[in-house]
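Single-letter residue listing:
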Amino acid sequence: MIRGLYAEMSTNERAIRALKEILQKPGNDACADCGSRDPGWGSCSLGVFICLECSGIHRNIPEISKVKSLRLSHWEDHELQFMAENGNELMKKKFEAAVPVYYYKPTHKDCQALREQWIRAKYERKEFSKPGENVRYESGMKEGVLMKRGRDNGQFLSRRFVLSERDGTLKYYIKYDAKEPKAVIKVDSINATFQPEKIGNPNGLQITYLKDYSTRNIFVYHENSKEIVDWFNSIRSVQLHYLKVAFPGATDSELIPKLTRNFLKEGYMEKTGPRQTEGFKKRWFTLDQRRLMYFKDPLDAFAKGEVFLGNRDNGYSVSLGLPAGTHCNGAWQQGITIDTPERCFLFTCETESDQQDWLKHFSDVMSAQMSPQDYTMEALLKHRH
């Protein structure tokens, strides 16, 4: 009995040592699917090393992926051999041979829906294994029903959406057979970002666009995560088509960052009004590149206001704390002051760590060089105010 236990231990130790050695190979030190460092799991049927979160998704497709812990599972010799012969780099060449440039590859920071559909698209549907095949995101047209949150009543109701590459628009209709759309959104002004917590649905997507020089938010979801991720990548496909027309000399690597993007940061702060004698009021803030927008409620259609954050050299700065003599009436005491050429903005955060995080993001934005589009946006917002 004891001898058998020792034999088992030595076999396991041998396997752990072998796996440690295989992990030294280039590419095996990060999750094959989301890129997070030091993966603790492996798929012994696919030959890839993955993180804990991605291993959970792999477990949901057991007919394709057999998942084992690198430290706790029993590994057969032939499985170790298979991992040694394959690994992340080789399998990426196989399963990611033809990922379209606009297709969003999620990272460890992204939501479950995006990560799951990326993993299923790769290994289950093998969407990217055959170069030259037509990809469904590029059909030029997509239509279907999404659940959309009503602007006034907050209820989610089914709406027909139509994405057209030819027209460069995303339209939605109140009734399925309606002739006239409720809204016509130009794709070049769209940003789409997954917001499951805020929307209260694991497949919640926030679509943001410019309407009469104001940012408008609409919130949608689909019960099927594949369907909502298909919409997301179809929007990116149409956007890239339009950017190539608008910037004929630009490379893909220059254009891809202009497609949909995650917000830099979102969360609550308190702010005071322009005279800084009013009380501090709690608002939901969204930092989208250089635009700091604030809302009464996270699911509001329109921002109550926004602050443009330019470059330090142009008279923008951020500092910890509030100016001397500021009457801070709220419960939150961790202050931040933003100075712009026009005026000074005062905010308070609930905790010191939140204050430091906002400060870092503001500082990073103000340190970055401004693009020609940033100068246009700055002028536009000044004109509006």
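Everything that follows concerns the structure shown earlier in this document.
From a predicted model like this one, the values you see are computed outputs, not experimental measurements.

The rules behind the values
Residues numbered from 1 in each chain as written. Predicted model: local features only at pLDDT ≥ 70, side-chain atom pairs only at ≥ 80, totals over all residues. Heavy atoms only, no water. Phe/Tyr/Trp six-rings, centres within 6.5 Å; stacked < 30°, edge-to-face > 60°. Helix = DSSP H or I, 4+ residues; strand = E, 2+ residues; numbered from the N terminus. Buried < 20%, exposed > 50% of the residue type's maximum accessible area, 1.4 Å probe, protein only. Lys NZ or Arg CZ within 6 Å of the ring centre and 35° of its normal.

**So, the packing of aromatic side chains**
With the rule as written, the count across this model stands at 15 aromatic pairs. Where Tyr-103 meets Phe-128, the ring centres are 4.9 Å apart and the plane angle is 70°; that geometry is what we call edge-to-face. With Tyr-103 in the loop between helix H4 (88–95) and helix H5 (112–124) and Phe-128 in the loop between H5 and strand E4 (141–149), the pair connects residues that are 25 residues apart, well separated along the chain. Tyr-103 gets classed as buried once you look at its relative accessible area, which sits at 4%. For the pair Phe-161 and Trp-231, a centre-to-centre distance of 6.4 Å together with 75° between the ring planes defines the contact as edge-to-face. Remark: Trp-231 occurs in helix H7 (residues 225–246) and Phe-161 occurs in strand E5 (residues 156–164); sequence separation between them is 70 residues. Residue Phe-161 is classed as buried on the basis of its relative accessible area of 1%. Residue Trp-231 is classed as buried on the basis of its relative accessible area, which comes to 2%. Joined through ring pairs, the aromatic side chains of Phe-285, Tyr-294, Phe-347, Trp-358 and Phe-362 make up one cluster. The lysine or arginine in question, Lys-68, covers the ring of Trp-75, its NZ or CZ lying 5.8 Å from the ring centre. The positively charged end of Arg-160 is found above the aromatic ring belonging to Tyr-176, 5.3 Å away from the centroid.

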